[in-house]
Amino acid sequence: MAGHHDRYQRQAVLGVFGAGGQDKLGRSTAVIIGCGGLGCGASALLARAGVGHIRLVDPDVVEEVNLHRQALFIEDDARAAAPKALAAARRLTDANSFIRVEGVRARAEAGNIEALVSGATVVLDGTDNAESRFLVNDACVKAGIPWVYAGAIETRAVCMAVNPSAGPCMRCVFPDPPAAGSMRSCREVGVLNAAVSAASSMQAAQAIRFMATGSAEWGLLMSFDAWTGDFRQAQMAKSPDCPACGRRLFEFL
């Protein structure tokens, strides 16, 4: 099991980790919903950081169009139409044999999301649509599991760590998912691979911070343009009327 191994020396000595931070990573479980560009980038960083158990969830197979931004996959994976969750799990295990990596070939849906996030220390959103992100949010709020949202489109990366006991959830910020087809997609407008890497790096940093120290920048929406270098952040507020985590919900429980 991952712990104070020589391979982690460069991060274990970080003052922000504090004593025992690396051991806490080794005892943590990270669940990553989606093995696209975000999931590949974040999971690679978590695996190399020594997170003890990583569960990867994705229903799709690798295609050539994925290779420009999904860094865990290679051309052989695309030729073989390899299941993303399983191919990614193999690559992470090759990178760190001291941890447990679990690949689950499944689509996260209302009927299985609670089982998929069960036992997680933290959940990372690697999905590419609003409906899936709200699904992750609601399941994590219900289970009391912190999660980290990230996204990338065109040249912009965004990230926000969510812990309803300490700050806003996704529905506090966006009470309802946008109407189907109302949001631009990477298929339509494109995405810079460096923006995907920036988003997954911010996401992994917040997840690692929480697992190692118990804290993160809850509710801080961060936006970075990888093309222009513009960085912005805004502290989101918790809504007492949030349909997922607000006061009105608990009045009916």
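Look up: the structure comes first, before these words.
Figured I'd write up the structure that's included with this text.

Basis of the calculations
Residues numbered from 1 in each chain as written. Predicted model: local features only at pLDDT ≥ 70, side-chain atom pairs only at ≥ 80, totals over all residues. Heavy atoms only, no water. Helix = DSSP H or I, 4+ residues; strand = E, 2+ residues; numbered from the N terminus. Rg over C-alpha atoms; globule rule 2.2 N^0.38 Å. Buried < 20%, exposed > 50% of the residue type's maximum accessible area, 1.4 Å probe, protein only. Contact = heavy atoms within 4.5 Å. Polar contact = N/O pair within 3.5 Å; in protein donor to acceptor, adjacent residues only side chain to side chain. Salt bridge = Lys/Arg side-chain N within 4 Å of Asp/Glu carboxyl O.

**A word on the overall build of the protein**
For the protein, the helix and strand inventory stands at 11 helices and 8 strands. Over its C-alpha trace the protein gives a radius of gyration of 17 Å, about what one expects of a compact globule, namely 18 Å for 253 residues. Based on the C-alpha atoms only, the size of the protein along its principal axes is roughly 50 × 45 × 40 Å. In the protein, which comprises 253 residues, the proportion classed as buried is 51%. For the protein, contacts bridging at least 24 residues in sequence account for 66% of all contacts bridging at least 6.

**A few points about the side chain of S43**
For S43, the position within the fold is in helix 3 (residues 37-49). Using a relative accessible area of 1% as the deciding quantity, one classes S43 as buried. There is a polar contact of 3.2 Å between the side chain of S43 and the backbone oxygen of C40. Other than its neighbours up to four places away in sequence, S43 contacts I32, I54, L56, L72 and L92.

**Considerations on the environment of A89**
Among the secondary structure elements, A89 is positioned in helix 5 (residues 84-95). Residues A89 and L72, spaced 17 residues apart in sequence, show a C-alpha to C-alpha distance of 9.2 Å. Excluding its chain neighbours within four sequence positions, the residues that come into contact with A89 are L56, V101 and G103.

**Quick look at the pattern of salt bridges**
Should the charged atoms of two oppositely charged side chains come close, the side chains can pair. Counted under the stated rule, the structure contains 11 salt bridges. Across the pair D125 and R133 runs a salt bridge whose closest N-O atoms are separated by 2.8 Å. Among the salt bridges present, the one from R209 reaches E217, with a minimum N-O distance of 2.8 Å. Judged by its relative accessible area of 31%, R209 falls in the partly exposed class. According to the relative accessible area criterion, E217 is partly exposed, its value standing at 32%. Members of the salt-bridge network, linked through shared partners, are R55, R100 and E102.

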